[in-house]
Amino acid sequence: MAKKEETISLIDTFSEFKELKNIDRTTMVSVLEESFRSVISKMFGTDENYDVIVNPDKGDFEIWRNREVVADEDLTNPNMQISISEARKIDASYEVGEEVTDEVIFAKFGRRAILNLRQTLASKILELEKDSLYNKYIDQVGTIVNAEVYQIWKKEILLLDDEGNELLLPKTEQIPSDFYRKGETARAVVARVDNKNNNPKIILSRTSPIFLQRLFEMEVPEINDGLITIKKIARIPGERAKIAVESYDDRIDPVGACVGVKGSRIHGIVRELRNENIDVINYTSNVSLFIQRSLSPAKISSIKLNEEERRAEVFLKPEEVSLAIGKGGLNIKLASMLTEYTIDVFRELDETAQDEDIYLDEFSDEIDGWVINAIKSIGIDTAKAVLSAPREMLIEKTDLEEETVDEVLRILKSEFEEG
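Parameters at a glance
Residues numbered from 1 in each chain as written. Predicted model: local features only at pLDDT ≥ 70, side-chain atom pairs only at ≥ 80, totals over all residues. Heavy atoms only, no water. Phe/Tyr/Trp six-rings, centres within 6.5 Å; stacked < 30°, edge-to-face > 60°. Buried < 20%, exposed > 50% of the residue type's maximum accessible area, 1.4 Å probe, protein only. Lys NZ or Arg CZ within 6 Å of the ring centre and 35° of its normal. Helix = DSSP H or I, 4+ residues; strand = E, 2+ residues; numbered from the N terminus. Arc of directions from axis to C-beta. Contact = heavy atoms within 4.5 Å. Pairing = 2+ DSSP bridges. Axes fitted to C-alpha atoms, helices over the stretch in contact; angles between N-to-C directions. UniProt positions renumbered as here; feature names shortened; annotations may be inferred. Core = buried A, V, L, I, M, F, W, Y, C linked by side-chain atoms within 4.5 Å. Domains from an automatic or database assignment. Salt bridge = Lys/Arg side-chain N within 4 Å of Asp/Glu carboxyl O.

Draft legend 1. Structural detail: the packing of aromatic side chains. All told, the structure shown has three aromatic pairs when counted by the stated rule. A centroid spacing of 5.8 Å and a plane angle of 20° characterise the contact between Phe44 and Tyr50, whose relative ring orientation is stacked. The class of Tyr50 is buried, set by a relative accessible area of 1%. Residues Tyr283 and Phe290 carry aromatic rings whose centres are separated by 5.1 Å and whose planes lie at 70° to one another, so their mutual orientation is edge-to-face. Overall, Tyr283 belongs to the partly exposed group, its relative accessible area being 22%. The ring centre of Tyr150 lies 5.0 Å from the NZ or CZ of Lys182, which sits over that ring.

Here it is as structure tokens:
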């Protein structure tokens, strides 16, 4: 009965291995042979005189032991040697110095040997699965995958791909308005593959600019065909995005192609990104024009560029300022990210108003010196310049409290009202 159980146990070991995914035949045979040799080596101190033949298709194996024939009185190592009297029981023609090869029945090694084999195989199988998973996904970094939501935790979501591999979508890589239920399908881009201590973790992202780029490549054939190129992307996930595109064919309007007839191409992307507003603009290497387009829908009057510091002073009519800044400062923030320029927005002033300007230092009796220095540190040093700058920009760039900025604006306004 025990032998039958041991045989079944060995067959189970093989069938487990045969069902493994993504493991080629050569690797399978090699790992099985290694596992047998490991157990033999532990039992006899060496495996060098053993031949292991594995047949993964049938799920069986053979082990043959090679021993040298020695005189009965010279027998010192029964694993490597066989006495002449024992050898002649196998075949009467054996002589001293010849080699005897006989089959070893693994089940006779006992239950402990079989358990040892199963444990060795299990650990090697686990290593192979990890290597297979790592190799599969390291080549897929930057590509979109669809996976089933399996478990939802506070800091991340566990997903399973078609083969049951585990993928992770951290909270930080989710769009703020993302909401999933168990069993639903989620779409994301493979952001990276961590492999600490040979324990691969596949990290997905829905907030990466690459995710937006891949969605456009899927929806817009001209991008996939290389007729239109995505030059730059700036995203505030779930809120708004700006994407700069360029066409290599004068007959193709890159913006129109990306948006589609009545928005047909872009609507699917917007839905996937939880109604993230997407501005598609024409790329140009002309920095001034690129900044102007990136601040759309605002219309710019003039721009002063400082290419060394990568700063741009943008002047607009008062009614255009709020459009340039956008809700919550999103438009100007995305324009800065897209163009890689720090953009400062100013209201346009007429020449007579500029002639009547006053330096901020002259208000030191009413405004604290550290407040004046904070405003001057962002390149604004006159009263009119402060009054022409948007309040939101002053608060954000000077890092001053709202009440402080409002008090400064009140003091400066009163000065010109008195004038």
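Now that the structure has been shown, the text picks up again.
Draft legend 2. Representation of helix α10 (residues 318-325) in the model. Here α10 has its buried residues at Glu320, Val321, Ala324 and Ile325. Along the axis of α10, the buried positions cluster into a sector of 135°, meaning they face one direction only. Across α10 from its buried face, at more than 90 degrees, point the exposed residues Glu319 and Ser322. In the core, the buried residues of α10 are packed alongside β14 (311-316), α11 (330-339), β15 (342-347) and α15 (391-398). Looking one or two residues past α10, Gly326 carries a phi angle of roughly 80°, positive in sign.

Draft legend 3. View of the sheet that holds strand β12 (residues 277-282). Spatially, three strands are ordered β10-β11-β12 in an open sheet, and the strand pairing comes out mixed. Each having just a single partner strand, β10 (228-236) and β12 make up the two edges of the open sheet. Each neighbouring strand pair of the sheet contributes to a mean axis angle of 20°, computed without reference to strand direction. Direction of pairing for strand β11 (residues 240-247) relative to β12: parallel, over a ladder of six bridges. In the strand pairing of β12, Ala241 is matched with Ile278.

Draft legend 4. Summary view of the environment of Asn224. Mapped onto the fold, Asn224 is located in helix α6 (residues 221-224). A relative accessible area of 57% means that Asn224 is categorised as exposed. For Asn224 and Arg214, which are ten residues apart along the polypeptide, the C-alpha to C-alpha distance reads 9.3 Å.

Draft legend 5. Just the sheet that holds strand β6 (residues 156-160), in detail. Spatial strand order, β5-β6-β7-β9-β8: five strands in a closed barrel with mixed pairing. For this sheet, the mean angle separating the axes of adjacent strands, direction not counted, is 55°. Alignment of strand β5 (residues 144-152) against strand β8 (residues 185-196), held across five bridges, turns out to be antiparallel. When the sheet's bridge partners are listed, Asn146 is paired in β8 with Arg187. Each of β5, β7 (166-170), β8 and β9 (199-205) touches helix α4 (residues 111-138); the most contacted strand, β9, lies at about 30° to it. Against the sheet, helix α5 (residues 209-219) touches β5, β8 and β9, its axis set at about 130° to β8.

Draft legend 6. Quick look at the UniProt feature "domain: S1 motif" (unreviewed entry) in the protein chain. In the numbering adopted here, UniProt assigns the feature "domain: S1 motif" (unreviewed entry) to residues 140-207. Here residues 140-207 is 0% helix and 56% strand, with 17 Å between the C-alpha atoms at its ends.

Draft legend 7. View of the nonpolar core. Counting residues in hydrophobic clusters, the biggest one holds 40 residues, and the most contacted among them are Leu295, Ile343, Ile380 and Val386. Element by element, the count of residues in this core is highest for helix α16 (residues 402-418), at five residues. Structurally, this core is a two-domain feature, drawing no fewer than three residues from each of domain 3 (212-347) and domain 4 (356-418). Formed by 23 residues, the second largest nonpolar core is a distinct cluster that contains Leu215, Val220, Ala241 and Val245.

Draft legend 8. Just the pattern of salt bridges, in detail. Counting across every chain of the model gives 27 salt bridges. Arg181 serves as the salt-bridge partner of Glu184, at 4.0 Å between the closest nitrogen and oxygen. Measuring nitrogen to oxygen at the nearest pair gives 3.0 Å for the salt bridge that ties Arg311 to Asp344. Placement of Arg311 in strand β14 and of Asp344 in strand β15 is noted, with a sequence separation of 33 residues between them. Asp344 sits in the buried class, given a relative accessible area of 2%.

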